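Below are the chains, spelled out letter by letter.
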Amino acid sequence: MTSLQDDTSAAPAAPFPTGFRWGAATAAYQIEGAAGEGGRGPSIWDTFCRTPGKVLNAETGDVAVDHYHRFPEDVALMSDLGLTAYRFSISWPRVQPSGAGTFNQDGLDFYRRLVDELLEAGIEPWPTLYHWDLPQPLEDKGGWPERETAHRFAEYAAHVHAALGDRVRNWMTVNEPWCAAFLGYASGDHAPGRRDASASLLAAHHLMLGHGLAVEAMRARYPDNSFGVAVNLYAVSPASDDPADRDAARRVDGLQNRLFLDPLLLGRYPEDVLADTARLGFTPSDADLTIINQPIDQLGINYYSRHTVAGTPGEAAQTASSPFSTHSPWPGSDHVRFVPAGRPVTGMGWEIDERGLYEVLTRLHREYPSVALYITENGAGYDETPDDNGTVQDLGRIAYLDAHLRACHDAIADGVPLRGYFTWSLLDNFEWAWGYSKRFGLVHVDYATQRRVPKDSARWYAGVIRQGGLPERG
Ligand code: IFM
């Protein structure tokens, strides 16, 4: 393997605090493969990928990047990068194939081996318990819109935590409940592909309820562990000062950010969002809000871009979460239009706006109770082809990461308790409805041979980690 550690160290121009976590993130269905091995059961993504017209080229996570078999090589890559932490997700259907009752020891053993390999390499494991791969039998019983699913999630989380909590300190419950609820149950762009606005609000609520119940159960066993949840937050701007545009920005900020932050951190739902969605009959109870508002030790922020929105009729919203998108994922806000603000975009078509990350971080610090913050995802996806040496000169990704890390540095300098950064993603992988067409990895994967070759961004990130911060602005 190419060494990523061969440059000399120099003092960084923008140093990060000692102990700052330098990480990368992945998720089970996107990298593991081995879909039919080790007793794993089917998830909603196995079903969705087999539904015609849902995933580009009808691709699946059956093989993905074969991390299930190649994890020692992948941990060696992480070591070479100098990562101090690795965020991965645990596949619920691998650990509890039917989503209730019997657990699968082979599945748990896989994660125990992965964790031990990480610890041996001096890399802190950061598991996420739910990154969208709901066991299909639970969807057959109604999925996240059913309250029972939250209880099943807490049972599964407690079991995994009991098995690994002696060696894993940091636990994240749910990844991006916005996506799981609204792409899964409102627009249908993600599994399970349902289009029911009322159900999507219930799904959001039960994802957060599951988080709260899981934290309660896990903390009871190992109170010294740290617990949190990863939400995907956006900076949101109105397209103009027009009251309709300002109202659109309020609505989208409400559904994207405050619908999750307020219950999780303040123990209440935002009144304006409840009013916007009143016709959907969503009436959360105070008792649930108390559970959702468990104290957490860390909040994970997944940040990619800014939304600029208008409130006047026009072309239908483009969600970019699927090439087949036809329905809005914004309950009660179908008239909102997402408009380009003219910034450069990544290969996903997402505008690059690092200032938005600074805004999100400083807002959290200002408007919500103090909690340790981690960037649990941030990165750029492109359609990339390697050169003749098999490497990728991904200057766009380097510029993206550099700019966003500078925003983190500025936020820390302004007092934001940001403790770590996990880039998305370690490896190229299965990008949901986009199949394998979009690559987010620091490491290029040849999907035909599974050969891994670090991109230029991997070399750049290794240098940042080694120096503990960013070089002079290029
Ligand atoms: O690949 C996804 C990940 O699973 C969740 N957050 C956004 C990434 C890029 O779309």
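These figures come from a predicted structure and were not determined experimentally.

(A) Summary view of the UniProt feature "binding site: substrate" (unreviewed entry) in the protein chain. Taken from the UniProt record, the annotation "binding site: substrate" (unreviewed entry) applies to Gln30, His131, Asn175, Tyr304, Trp424, Glu431 and Trp432. Setting aside residues no more than four positions away along its own chain, Asn175 makes contact with Arg87, Thr128, Tyr130, His131, Trp132, Ala230, Asn302 and Glu377. A distance of 2.7 Å separates a polar atom in the side chain of Asn175 from a polar atom in the side chain of Arg87. As for its position among the elements, Trp424 is in strand 12 (residues 418-424). Among the residues examined, Trp424 registers a relative accessible area of 3% and is labelled buried.

(B) Highlighting the sheet that holds strand 3 (residues 85-89). Strands sit in the order 2-3-4-5-6-8-11-12 around a closed barrel of 8 strands; the barrel is parallel. On average, each strand axis in the sheet is inclined to that of its neighbour by 25°, with strand direction left out of account. In the sheet, strand 11 (residues 372-377) pairs with strand 12 via 3 bridges, with the strands oriented parallel. Considered in strand 12, the bridge of Tyr374 is made with Gly420. Packing against the sheet, helix 8 (residues 177-185) makes contact with strand 4 (124-130), strand 5 (170-175) and strand 6 (226-232), and its axis sits at approximately 45° to strand 6.

(C) Quick peek at the pattern of salt bridges. Under the counting rule described, the total for this entry stands at 36 salt bridges. Close ionic contact of Asp288 with Arg147 constitutes a salt bridge, the shortest N to O distance being 2.7 Å. A residue pair is termed long-range when its members are at least 10 positions apart, and Asp288 in helix 12 (residues 286-292) and Arg147 in helix 7 (residues 147-164) qualify at 141 residues. Taking relative accessible area as the criterion, Asp288 reaches 5% and is therefore assigned buried.

(D) Molecular detail of the site of the ligand. With respect to spatial proximity, the complete set of residues near the ligand consists of Gln30, His131, Trp132, Asn175, Glu176, Tyr304, Trp350, Glu377, Trp424, Glu431, Trp432 and Phe440. In the model, a nitrogen atom of the ligand is placed 2.8 Å from a nitrogen or oxygen of the Glu176 side chain. A distance of 3.3 Å separates an oxygen atom of the ligand from a polar atom in the side chain of Trp424. About the coverage of the ligand: the protein hides 95% of its 280 Å² of free accessible area. Partitioned by chemical class, the residues of the shell around the ligand number 6 nonpolar, 3 polar and 3 charged.

Reading the values: the criteria
- Residues numbered from 1 in each chain as written.
- Predicted model: local features only at pLDDT ≥ 70, side-chain atom pairs only at ≥ 80, totals over all residues.
- Heavy atoms only, no water.
- UniProt positions renumbered as here; feature names shortened; annotations may be inferred.
- Contact = heavy atoms within 4.5 Å.
- Polar contact = N/O pair within 3.5 Å; in protein donor to acceptor, adjacent residues only side chain to side chain.
- Helix = DSSP H or I, 4+ residues; strand = E, 2+ residues; numbered from the N terminus.
- Buried < 20%, exposed > 50% of the residue type's maximum accessible area, 1.4 Å probe, protein only.
- Pairing = 2+ DSSP bridges.
- Axes fitted to C-alpha atoms, helices over the stretch in contact; angles between N-to-C directions.
- Salt bridge = Lys/Arg side-chain N within 4 Å of Asp/Glu carboxyl O.
- Near = heavy atom within 4 Å.
- Areas by Shrake-Rupley, 256 points an atom, 1.4 Å probe, with all protein chains shown as cover.
- Nonpolar A, V, L, I, M, F, W, Y, C, P; charged D, E, K, R; others polar.

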